[in-house]
Amino acid sequence: MNSITPTSQALLDRYEAVKKNFVGADVPWLAAIRDESAATFRKHGLPTPRTEDWKYTNLRALNKIAFDGDAATDVNVADLPERAGSGPRLVFVDGRYRGDLSHSGASTKGVRCSHVADLLESDKDLIEASLADTGDETPLLALNGAFQEDGYALILERTTLVDELVEVLHVNAGSAVNQPRNIIAVGAGARVRLLETHVGTDTSTQFFNGATVVTVDEGAKVEHLRHQMQPVSTVHINTIRAHVAVGASYNSFVLAEGGQMSRDEIQVALMGKAASTKLHGVYLGSGCQVLDNTTVIRHQAPGTKSEENYRGALNDQSRGVFQGNILVQKGADGTDGRMSNKTILLSGEAEINSKPQLEIYADDVQCAHGSTAGELEEAALFYLRTRGIPEGEAKTILVEGFLAEVMEEFGLGELAGAFRARISSWMEA
Amino acid sequence: MLEIKNLHATVDGKEILRGINLTMGSGEVHAIMGPNGSGKSTLSYVLSGRDGYEVTDGSVTYNGKDLLVMEPEERAGEGVFLAFQYPVEIPGVSSMNFLKESVNSVRKYRGEEVFDAMDFLKFVREKTKTLNISDDMLKRAVNVGFSGGEKKRNEVLQMAVLNPTLAILDETDSGLDVDALRIVGDGVTALRSPERSMLVITHYQRLLDHIVPDHVHVLAHGRIVKSGTKELALELEQNGYAEFASEAA
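Residues numbered from 1 in each chain as written. Chains lettered and ligands numbered in written order. Predicted model: local features only at pLDDT ≥ 70, side-chain atom pairs only at ≥ 80, totals over all residues. Heavy atoms only, no water.

Caption draft 1: The overall build of chain A, seen in detail. Along the backbone of chain A there are seven helices and 20 strands. Structurally, chain A occupies a C-alpha span of about 70 × 50 × 50 Å along its principal axes. Counting across all 429 residues of chain A, residues that qualify as buried make up 58%. For chain A, contacts bridging at least 24 residues in sequence account for 84% of all contacts bridging at least 6. (Helix = DSSP H or I, 4+ residues; strand = E, 2+ residues; numbered from the N terminus. Buried < 20%, exposed > 50% of the residue type's maximum accessible area, 1.4 Å probe, protein only. Contact = heavy atoms within 4.5 Å.)

Right under this line is the structure:
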């Protein structure tokens, strides 16, 4: 048997101690999924720097977090960010759905904007596979599977078009381990945009380990936007697994600026012909933060397309990690895969580890990757200063412009202004 | 108003300017001509305060103030403007926002009221009309994908909105065809005024057909070796710089 770390053991002990009290503990099929997930986690334990895809991102910060903390009893409503639009917003505090804080929005036929705990009895067939998913025995996904209690469930019947932005707000308020398992399931030809925002109160020292399983049926479109602004006391890991069918698309944009250690991992399987994915993101690091963006794209069918574009600005002693893995399987002929990661280093001590990887087993494939890192361009800074713009403001303008390009390329619509404003205020901080 | 005395400057430890003396009065247009490597661009960067251009001796006084101790943005506030030989592309920043930031920064420095968005739009529209610049160009990112002519026209527009009292034009004619040269030359000429001096730096005489100088100076090996009127420029066009090349230091 593998020896697992004390921290992994502490998590398993915690699981055994509290599993009887979990939401849905009396639902046998869910209890079985949790136990199986825990067993999978036990086999591997938490990843260490010896684990290939965790080489640059060390989870030792978890050693300092107590896993027996309590969920918050309440949260100050005034502290919650405002809704970005007028659509529905589901609010989760320490992983528990809070109907009293949520907005249902106008109801659209064919849309269920709900939470997993509410569907356990009525919709087992619809959600079971998503709750049981542990990927290729991904340890953090398995850990999430063991501890899962609730999460959002966004389910669209075929050809349902949702025009309004659907919002989910995750609030870390207590010191509990927070491991929501979310479901996005979109029927053929349907379309939806979702914004997830992660916030926390400043005192919460938390381990957030979320997972979302996404299925996009034939010709459907999902746009998944995330803004991660948790306190720097938080360890934030978010794993997304998306399965994309014929002619469908899963597009994701993440703005990552919070957490002492943060990892946004997206695994996309382009399963059907002409399926596509666009994964874009912006990361803003300062202090001693580590911000990790890891993507794994599997091209499994002909004519599939992937486009990755991540840009970041890193200050102080912060570190960025970009791991992009494109795998083109046998038969996925005519694949088009592009990957780019560019970083501006605003301090001599900031650092980026960029690791693009291509594995190609098909014919007629176009794949490209590029990665650059460097300081702000002196010529551009000088140019702005000769136009009377003071150095600090000139830097803000240049960094904002550099990052805005990736936002414009993605097309953030009504969120563009707010996301840009975050960058300006980050630069001015 | 501008007084350059015995100006010496080095780049990467190499002496490029070796004792420049030049005095310019208000509203005067001076041309500095010289062969490649004579120090023309270095002079423009030293006057505008670029990092890496180290002044080792001499002084530059502008309206009675020591220009050399100022940051580039302070010099802009004081009325110094550099039109770049190669205007820099700034991806992701719209020309309109850039202009607004720029104008308002300078106005703030000069103790003037800053423009709000509407007033600025009105203000800039007046300038673009006279320079024949389309609104579309203002929506695009600064200089990104601009043709050579558009880039230089954009420089002239910046000059027009910042309203400097000393404009330094660094090889403004480079990269321009005859038509673009005329448009840019006319644009600059329209900005001539008794309150604005211009230092026109150029290799070729052709720009001076459009911007007619009051004085012409020849720069060679980091020093002004000859000064005269506009006829000197024509002479240089005829005879080239060979005469000055032999004067190697």
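Caption draft 2: Structural view of helix H3 (residues 124–132) of chain A. Residues and elements named next belong to chain A. For H3, every residue scored as buried is listed here: Ile-127, Ser-130 and Leu-131. Each buried residue of H3 sits inside an arc of 100 degrees when the element is viewed along its axis, so together they form one side. In this structure, H3 carries Asp-125 and Ala-129 as exposed residues pointing more than 90 degrees from its buried face. Residues of H3 that are buried sit in contact with helix H2 (28–44), strand E7 (181–186) and strand E9 (207–216). (Arc of directions from axis to C-beta.)

Caption draft 3: Representation of the sheet that holds strand E9 (residues 166–170) of chain B. All names here are of chain B. Reading across the sheet, the six strands line up as E6-E9-E10-E3-E11-E12 and stay open at both edges, with mixed pairing between neighbours. The sheet is open, and its two borders are formed by strand E6 (80–83) and strand E12 (223–228), each paired with just one other strand. Across this sheet, the average inter-strand angle for adjacent strands is 20 degrees, counted without regard to direction. Bridge count between E6 and E9: four bridges; the pairing is parallel. (Pairing = 2+ DSSP bridges. Axes fitted to C-alpha atoms, helices over the stretch in contact; angles between N-to-C directions.)

Caption draft 4: Examining the interface of chain B and chain A more closely. Taken together, the contact pairs 30 residues of chain B with 23 residues of chain A. When residues of chain B are sorted by the area they lose upon contact with chain A, B:Arg50, B:Glu73 and B:Gly92 head the list and together hold 26% of the total. One can count four salt bridges joining chain B with chain A. Where B:Glu155 meets A:Arg387, a salt bridge forms, and the shortest distance between an N and an O atom there is 2.7 Å. Summed over the shared surface of chain B and chain A, the result is 11 residue pairs in polar contact (both at pLDDT 80 or more). Mapped by element, the contributors of at least two residues to the side of chain B that touches chain A are helix H1 (40–48), helix H2 (72–78), E6, strand E7 (90–94), helix H3 (95–109) and helix H6 (148–162) of chain B. Element by element, the count of residues in the side of chain B that touches chain A is highest for H3(B), at five residues. Taken together, the residues that form the side of chain B that touches chain A break down as 17 nonpolar, seven polar and six charged. (Buried area = accessible area lost by both parts, 1.4 Å probe. Salt bridge = Lys/Arg side-chain N within 4 Å of Asp/Glu carboxyl O. Polar contact = N/O pair within 3.5 Å; in protein donor to acceptor, adjacent residues only side chain to side chain. Nonpolar A, V, L, I, M, F, W, Y, C, P; charged D, E, K, R; others polar.)

Caption draft 5: Broad picture of the sheet that holds strand E8 (residues 191–200) of chain A. All names here are of chain A. Pairing within the open sheet is mixed, and its 10 strands lie in the order E2-E1-E5-E8-E10-E12-E14-E16-E18-E20. Of all the strands in the sheet, the pair left with one neighbour each is strand E2 (96–97) and strand E20 (366–374). As judged from the eight bridges shared by strand E12 (residues 249–256) and strand E14 (residues 276–285), these two strands associate in the parallel manner. Paired with Phe-253 across the strands is His-280, a residue of E14. Sheet strands in contact with helix H6 (residues 391–410) are strand E10 (221–228), E12, E14, strand E16 (305–314) and strand E18 (336–345), and its direction is about 160 degrees off that of E16. Where helix H7 (residues 416–428) meets the sheet, its contacts fall on E8, E10, E12, E14 and E16, and the angle it forms with E14 comes to roughly 25 degrees.

Caption draft 6: Fine view of the nonpolar core. Counting residues in each nonpolar core, the largest one holds 64 residues, and the members touching the most others are A:Phe253, A:Val282, A:Met407, B:Ile4 and B:Ile90. Counting residues per element, this core draws most heavily on H6(A), which supplies 10 residues. When residues of this core are assigned to domains, at least three map to each of domain 1 (6–271) and domain 2 (377–429) of chain A. Those residues in contact with B:Ile90 that lie beyond four places of it in its chain are A:Ala380, A:Tyr383, A:Leu384, A:Leu398, B:Ala141, B:Val142 and B:Val144. Grouped together as the second largest cluster of nonpolar side chains are 46 residues, B:Leu162, B:Leu176, B:Val184 and B:Val216 included. (Core = buried A, V, L, I, M, F, W, Y, C linked by side-chain atoms within 4.5 Å. Domains from an automatic or database assignment.)

Caption draft 7: Structural context of the packing of H2(A) against H3(A). Residues and elements named next belong to chain A. Remark: H2 packs on H3, axes separated minimally by 10 Å, with the N-to-C direction vectors making an angle of 10 degrees. Considering their axes alone, H2 and H3 lie roughly parallel with respect to each other. Taking contact as the criterion, the partners of Trp-29, Leu-30 and Ile-33 in H2 are, on H3, Lys-124, Ile-127, Glu-128, Leu-131 and Ala-132. (Parallel < 35°, antiparallel > 145°, perpendicular 65-115°, else oblique.)

Caption draft 8: Highlighting helix H1 (residues 6–18) of chain A. All names here are of chain A. With 13 residues, H1 should cover 18 Å at 1.5 Å per step; its first-to-last C-alpha distance of 18 Å lies within 8% of that length. Along H1, the residues classified as buried are Thr-7, Ser-8, Leu-11, Leu-12, Tyr-15 and Val-18. In a view along the axis of H1, the buried residues occupy a sector of 145 degrees, so they form one face of it. Along its buried surface, H1 packs onto H2, helix H4 (139–147) and E9. (Expected span 1.5 Å × (residues − 1).)

Caption draft 9: Region of the structure containing the domain arrangement of chain A. Residues and elements named next belong to chain A. As far as domains go, chain A holds domain 1 (6–271) and domain 2 (377–429). Placing the centre of domain 1 and that of domain 2 at their C-alpha centroids yields a distance of 31 Å. Between domain 1 and domain 2, the residue contacts involve 14 residues of the former and nine residues of the latter. It is Phe-253, Leu-255 and Glu-257 in domain 1 that bury the most area against domain 2; as a group they hold 43% of the surface buried on that side. Joining domain 1 to domain 2, the criterion identifies two salt bridges. Notably, a salt bridge pairs Glu-414 with Arg-193, separated by 3.0 Å at the nearest N-O pair. Along the contact surface separating domain 1 from domain 2 lie three residue pairs in polar contact (both at pLDDT 80 or more). Within the residue set of the side of domain 1 that touches domain 2, elements represented by two or more residues are E8, E10 and E12. Residue composition of the side of domain 1 that touches domain 2, grouped by class: seven nonpolar, three polar and four charged.

Caption draft 10: A look at the packing of H2(A) against H4(A). Residue and element names in this part refer to chain A. Contact geometry for H2 and H4: axes closest at 7 Å, N-to-C directions at 145 degrees. H4 is crossed by H2, and the crossing has left-handed handedness. Note on element contacts: H4 touches H2 through Pro-139, Ala-142, Leu-143, Gly-145 and Ala-146, opposite Arg-34, Ser-37, Ala-38, Thr-40, Phe-41 and His-44. Split into classes, the residues belonging to the contact of H2 with H4 amount to six nonpolar, four polar and one charged. (Left-handed = near helix turned anticlockwise from the far one by under 90°.)

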